[in-house]
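A structural walkthrough
Residue strings, one per chain:
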Amino acid sequence: MSALAAVSVVGAGNMGGAMVERLREGGWPVTVCDIDSGRQQQASAAGAALAGTPLAAARALGANGALILVVVDALQCDEVLWGEGGAAPALQAGQAVLLCPTIAPEDVERMAARLAGQGVDCIDAPMSGGPQRARDGRMSLMVAAPGPVLARHAGLLAALSDNVLRVGERVGDGARTKLVNNLLAGINLVGAAEVLAMAERMGLDLSTTLDVIERSSGQSWIGLDRMRRAVAGDFAPRAHLTLLEKDTRLAVAAGRSVGFEGPLGAHAARVFVDAHEAGMAGLDDAALFELLRQTPPRP
């Protein structure tokens, strides 16, 4: 794919906005559609053109162009593609849709089949790593699509990340891989919040405890990243708690669909639900520490 092929991004939030900046820095022509006017302004400041609807964003694409969806869930993907003012009617054969949110594999397969009916390729492309890594081109991009499709859009994928992980040719396997990864992330985060709450109850210095964990067998990237913020009382939502709530729920459901349920996943998913019900939905997922430190003492 030519480095000058047009790209449209629907959803310019933390991750989508970082991707827009990354692409613009590389000289890619980008059109952005987001319902948040502030996000639109940020995209414009980065040099992106603006579209008022996903349909208008799709119309900005040329041959071999790609529409990147960086929204929250399958419902939003369906709305962007086939809702009022949706992009699908303007998409043409040879163009591609990159599905970047964490959604159920069956939803990816359904959307891909529907797009294929009009000759539009679908790249199952969930991402991981956070906004700064997306901005730097270092996020993990888990892609699944037939080889020729990935080859046609290899330039775009390389521009988005130097860590493109090809997980298979079956659309849906990107989503499956992402759910496996995010379930482990959720388990690790719940575990980190639990042991830090226990350390606090024991009277340990929390920063020192994290220093030890960082250099020892209990280390996990997400645990350290979030618990450092928690110790500082910083719960500004870089990664909303509701995202891992959704992802762990989807992961447990995906496991059950193939007859598997381990001892930890459902329990971790429940902790995210508990935090949501405790009023923490608008906070960063580091807020799990606040939930678990409130656990009443047992006799």
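**Looking at helix H9 (residues 173-201)**
- If you check H9, its first and last C-alpha atoms are 42 Å apart, about what 29 residues at 1.5 Å a residue would give, namely 42 Å.
- Count one or two residues on from H9 and you reach Gly203, which has phi positive near 85°.

**Quick word on the environment of Pro29**
- Among the structural elements, Pro29 can be located in the loop between helix H1 (14-25) and strand E2 (30-33).
- The class for Pro29 is partly exposed, based on a relative accessible area of 33%.
- Spatially, the C-alpha atoms of Pro29 and Leu61 are 9.5 Å apart, while their sequence positions differ by 32 residues.

**With respect to the nonpolar core**
- Within the largest apolar cluster, 32 residues are counted, with the highest numbers of intra-cluster contacts made by Met19, Leu23, Ile68, Leu98, Leu156 and Leu160.
- Listed by contribution, the elements that provide at least two residues to this core are strand E1 (7-10), H1, E2, strand E4 (66-69), strand E8 (140-144), helix H7 (147-152) and helix H8 (154-160).
- For this core, the element with the most residues is H1, which contributes five residues.
- Judged by nonpolar contacts, the second largest core, of 29 residues, contains Cys33, Ala58, Leu81 and Val171.

**Quick look at the packing of helix H10 (residues 206-214) against helix H11 (residues 221-231)**
- The N-to-C vectors of H10 and H11 enclose an angle of 170°; their axes lie 10 Å apart at closest approach. In terms of their interaxial angle, H10 and H11 are classed as roughly antiparallel. On the side of H10, the interface is formed by Leu206, Ser207, Leu210, Asp211, Ile213 and Glu214, while H11 contributes Leu224, Met227, Arg228 and Val231.
- Tallied by class, the residues present in the contact of H10 with H11 amount to six nonpolar, one polar and three charged.

**Some points on the pairing of E8**
- Most of E8 is tucked away: four of the five residues are buried.
- The sheet contact formed by strand E7 (residues 127-128) and E8 spans two bridges and is antiparallel. Bridge pairing links Met127 to Leu141 in E8.

**Quick look at a nonpolar patch on the surface**
- Taken together, the side chains of Val195, Met198, Met202 and Leu204 make up a nonpolar region of the molecular surface, amounting to roughly 390 Å² of accessible area.
- Summarising the element assignment, Val195 is placed in helix H9.
- For Val195, a relative accessible area of 37% corresponds to the partly exposed category.

**Re unusual backbone geometry**
- The phi dihedral of Asn64 is positive, around 65°, even though this residue is not glycine.
- Classification of Asn64 as partly exposed rests on a relative accessible area of 36%.

**Observations regarding the side chain of Arg229**
- Residue placement: Arg229 occurs in helix H11.
- Among the residues examined, Arg229 registers a relative accessible area of 12% and is labelled buried.

**Describing the pairing of E2**
- Residues of E2 alternate between two faces, with Val30 and Val32 on one and Thr31 and Cys33 on the opposite face, all of them buried.
- Crossover handedness for the path E1 to H1 to E2: right-handed.
- For E2 and strand E3 (residues 49-50), the ladder comprises two bridges, and the chain directions are parallel. Residue pairing across strands places Val32 opposite Leu50, the latter belonging to E3.
- Assessed by its sense of winding, the connection that carries the chain from E2 through helix H2 (residues 37-45) to E3 is right-handed.

**Details of the environment of Ala57**
- Mapped onto the elements of the fold, Ala57 is located in helix H3 (residues 54-59).
- Assessed through its relative accessible area of 0%, Ala57 is described here as buried.
- Taking the C-alpha atoms as reference points, Ala57 and Leu67, ten residues apart in sequence, are found 8.0 Å from one another.
- Ignoring anything within four residues of it in the chain, the contact list for Ala57 reads Ser8, Thr31, Cys33 and Ala51.

**Notes on the pattern of salt bridges**
- With the rule as written, the count across this model stands at 24 salt bridges.
- In this structure, the salt-bridge partner of Arg176 is Glu109, at a minimum N-O distance of 2.7 Å. Here Arg176 is found in helix H9, whereas its partner Glu109 is found in helix H5 (residues 105-116), with 67 residues between them in sequence.
- On the accessibility criterion, Glu109 (32% relative accessible area) is partly exposed.
- For Asp274, the salt bridge goes to Arg270, with nearest N and O atoms at 2.9 Å. One end of the pair is Asp274 and the other is Arg270, both in helix H13 (residues 265-280) and four residues apart, which spans about a single turn.
- Taking relative accessible area as the criterion, Asp274 reaches 31% and is therefore assigned partly exposed.
- Here Arg270 falls in the partly exposed class, since its relative accessible area comes to 42%.

Here is what the cut-offs are and how they apply
Residues numbered from 1 in each chain as written. Predicted model: local features only at pLDDT ≥ 70, side-chain atom pairs only at ≥ 80, totals over all residues. Heavy atoms only, no water. Helix = DSSP H or I, 4+ residues; strand = E, 2+ residues; numbered from the N terminus. Expected span 1.5 Å × (residues − 1). Buried < 20%, exposed > 50% of the residue type's maximum accessible area, 1.4 Å probe, protein only. Core = buried A, V, L, I, M, F, W, Y, C linked by side-chain atoms within 4.5 Å. Axes fitted to C-alpha atoms, helices over the stretch in contact; angles between N-to-C directions. Parallel < 35°, antiparallel > 145°, perpendicular 65-115°, else oblique. Contact = heavy atoms within 4.5 Å. Nonpolar A, V, L, I, M, F, W, Y, C, P; charged D, E, K, R; others polar. Pairing = 2+ DSSP bridges. Patch = residues over 30% accessible without salt bridge, like charges linked within 9 Å, V, L, I, M, F, W, Y side chains within 5 Å. Areas by Shrake-Rupley, 256 points an atom, 1.4 Å probe, with all protein chains shown as cover. Salt bridge = Lys/Arg side-chain N within 4 Å of Asp/Glu carboxyl O. Right-handed = clockwise from strand over helix to strand, strands pointing away.

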